[in-house]
Amino acid sequence: MPAVQFQNIENTRLPAKPLHLAIGMFDGMHLGHRAVIDMAIQSARRSGGLAGVLTFAPHPTVLLRPDNPTRLICNPGTKARLLVETGVDFVITQQFTPELAQVEAEDFIPLLLKHLPRLNTIYVGENWRFGRGRRGDMAMLVAGAKKHRLTVVGVSHVSENGKPISSTRIRACLEDGEIEEANIMLGYSYFAEGTVMPGKALGRDLGYPTLNIPWEPGLRPRLGVYAVEVSGEKAPGKYRAVANYGLRPTVENSTQPRIEAHLLGPCPFTGGDQIRVDWLRFIRPEMKFASVDELTAQIAKDRAKAEAFFDLA
Ligand SMILES: Cc1cc2nc3c(=O)[nH]c(=O)nc-3n(C[C@H](O)[C@H](O)[C@H](O)COP(=O)(O)O)c2cc1C
Ligand SMILES: Nc1ncnc2c1ncn2[C@@H]1O[C@H](COP(=O)(O)OP(=O)(O)O)[C@@H](O)[C@H]1O
């Protein structure tokens, strides 16, 4: 059964079973997030309860720090899908309103219980903060839960390279082009999705036809050339490719970043197809070339690097 999705806790209608609820922003859905959610799923399965996620949109910083909100790894649609794919029974997306931002930490559990009376256990990462001014911490959550006979499970950090995995660390990696380290922490390959759009048909003339998709996530990964894999419903499997993610300063200097993927072998996709691009390795930063000939010569080298990465050379 795919997860049932609800907008806001007051609209949540669930069967009368004990609820095991993982709470958080879960931006990126990295290995640490998955550990929290998996804990909720396992407990619910063991005890005949229901496992779910409570997450928030927009990110609280959109309201609290509008001049510099947190730039998100996942757009809301992608996050919702990744959440559903974890195997939870339900996902609640709670609108983060000015009123919610004013709720005191002490009032948070009573608010949950008002709308989720069968709440049994709350699962959070051990450093999770909540309530007005982020005053609520693990100790307050445990104290509040005790009063209402709830259980709180604080899931300890999952580490990579001796340091806790966090969305902040993954953002820094993506901005620096450290895609392999980002992918290790995510537990899957960073990916982009979109509908193939027509370009200026220059790619074919250059000898490097490309599948182009616009890609403008909150958190913009480093502009440059990457080894990627392209997939889509139209054709099974993954297609190795070399892609530029950028603004194309040599030919147009756009303000809208785009992924242009040149497949290393035959290409089953065309304009209008829905594709997914998995990012695997950063090859070089995007550059402005003095001529299209220089760009073309560089693309030949990029292609060779991608082939070497895939061990095809
Ligand atoms: C592997 C690869 C690397 C690229 N690197 C750059 C680059 O460094 N600078 C740049 O301005 N454009 C770069 N491009 C983008 C080309 O300018 C663009 O693909 C070409 O002009 C075709 O455009 P079209 O798809 O609109 O026809 C790159 C494209 C590919 C496929
Ligand atoms: N190896 C390949 N990689 C990407 N696209 C390819 C490849 N071979 C053929 N194509 C086709 O070429 C088209 C892109 O050609 P291109 O000249 O870049 O034009 P445009 O970017 O204007 O669509 C793609 O839609 C795809 O169907």
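Residues numbered from 1 in each chain as written. Chains lettered and ligands numbered in written order. Predicted model: local features only at pLDDT ≥ 70, side-chain atom pairs only at ≥ 80, totals over all residues. Heavy atoms only, no water.

**Describing the state of the cysteines**
Two cysteines joined by a covalent bond between their sulfur atoms form a disulfide. Summed over all chains, the structure comprises zero disulfides. Of all cysteine sulfurs in the structure, the one in Cys 173 sits closest to Cys 74, which takes part in no disulfide; the separation is 15 Å. According to the relative accessible area criterion, Cys 74 is buried, its value standing at 7%. (Disulfide = S-S within 2.5 Å. Buried < 20%, exposed > 50% of the residue type's maximum accessible area, 1.4 Å probe, protein only.)

**Brief notes about the packing of aromatic side chains**
For the coordinates displayed, the defined rule picks out eleven aromatic pairs. Summarising the aromatic geometry, the rings of Phe 56 and Phe 96 are spaced 6.4 Å apart at their centres and angled 85 degrees between planes, so their arrangement reads as edge-to-face. Of this pair, Phe 56 sits in strand β3 (residues 50-57) while Phe 96 sits in the loop between β4 (90-95) and α4 (98-102); the two residues are 40 residues apart in sequence, bridging distant segments of the chain. By relative accessible area, which is 13% here, Phe 96 ends up buried. (Phe/Tyr/Trp six-rings, centres within 6.5 Å; stacked < 30°, edge-to-face > 60°. Helix = DSSP H or I, 4+ residues; strand = E, 2+ residues; numbered from the N terminus.)

**Examining the domain arrangement of the protein chain**
Taken domain by domain, the protein chain consists of domain 1 (4-164) and domain 2 (189-309). Averaged C-alpha coordinates put domain 1 and domain 2 at centres separated by 36 Å. The partner domain 2 presents eight residues to the seven residues of domain 1 that form the contact. A buried area of about 560 Å², summed over both sides, lies between domain 1 and domain 2, and 53% of it is on carbon and sulfur atoms. Among the residues of domain 1 in contact with domain 2, Arg 71, Ile 73 and Arg 81 are the three that bury the most area, contributing 62% of the side total. Our enumeration of links across domain 1 and domain 2 arrives at one salt bridge. Between Glu 193 and Arg 81 there is a salt bridge, with its nearest N and O atoms 3.1 Å apart. (Domains from an automatic or database assignment. Contact = heavy atoms within 4.5 Å. Buried area = accessible area lost by both parts, 1.4 Å probe. Salt bridge = Lys/Arg side-chain N within 4 Å of Asp/Glu carboxyl O.)

**A short note on the side chain of Glu 160**
Counting through the fold element by element, Glu 160 comes out in strand β7 (residues 159-160). Here Glu 160 is in contact with Ile 165, Arg 169, Glu 181, Ile 184 and Met 185, once residues within four sequence places are set aside.

**Quick notes on helix α8 (residues 179-186)**
Within α8 the residues assigned to the buried category are Ile 179, Ala 182, Asn 183, Met 185 and Leu 186. Down the axis of α8, the buried side of the element spans an arc of 165 degrees, and every buried residue falls inside it. Its buried side turned inward, α8 meets α1 (31-47), β7, α7 (167-176), β11 (224-232) and β14 (274-285). Positioned one or two residues after α8, Gly 187 has a phi angle of 85 degrees, which is positive. (Arc of directions from axis to C-beta.)

**Some thoughts on helix α6 (residues 138-147)**
Those residues of α6 not exposed but buried are Met 138, Leu 141, Gly 144 and Ala 145. Looking straight down α6, one finds that the buried residues subtend no more than 130 degrees of arc, so they occupy a single side. Looking at α6, the residues exposed on the side facing more than 90 degrees away from the buried face are Ala 139, Lys 146 and Lys 147. Tucked inside the fold, the buried residues of α6 contact α5 (108-115), β5 (119-125) and β6 (151-155).

**Thoughts on the sheet that holds β3**
Strand order in the open sheet formed by six strands is β1-β4-β3-β2-β5-β6, with parallel pairing between adjacent strands. Two strands in the sheet have a free side with no partner beyond their single neighbour: β1 (4-7) and β6. Within the sheet, the average angular offset between the axes of one strand and its neighbour, ignoring direction, is 20 degrees. Note that β3 and β4 share six bridges and pair parallel. Its bridge partner lying in β4, Val 53 is registered against Val 91. Of the strands in this sheet, β2 (19-23), β3, β5 and β6 touch α1, which is tilted by about 180 degrees from β2. Strand contacts of helix α3 (residues 76-85): β1, β3 and β4, with the helix running at about 170 degrees to β3, the strand carrying the most contacts. (Pairing = 2+ DSSP bridges. Axes fitted to C-alpha atoms, helices over the stretch in contact; angles between N-to-C directions.)

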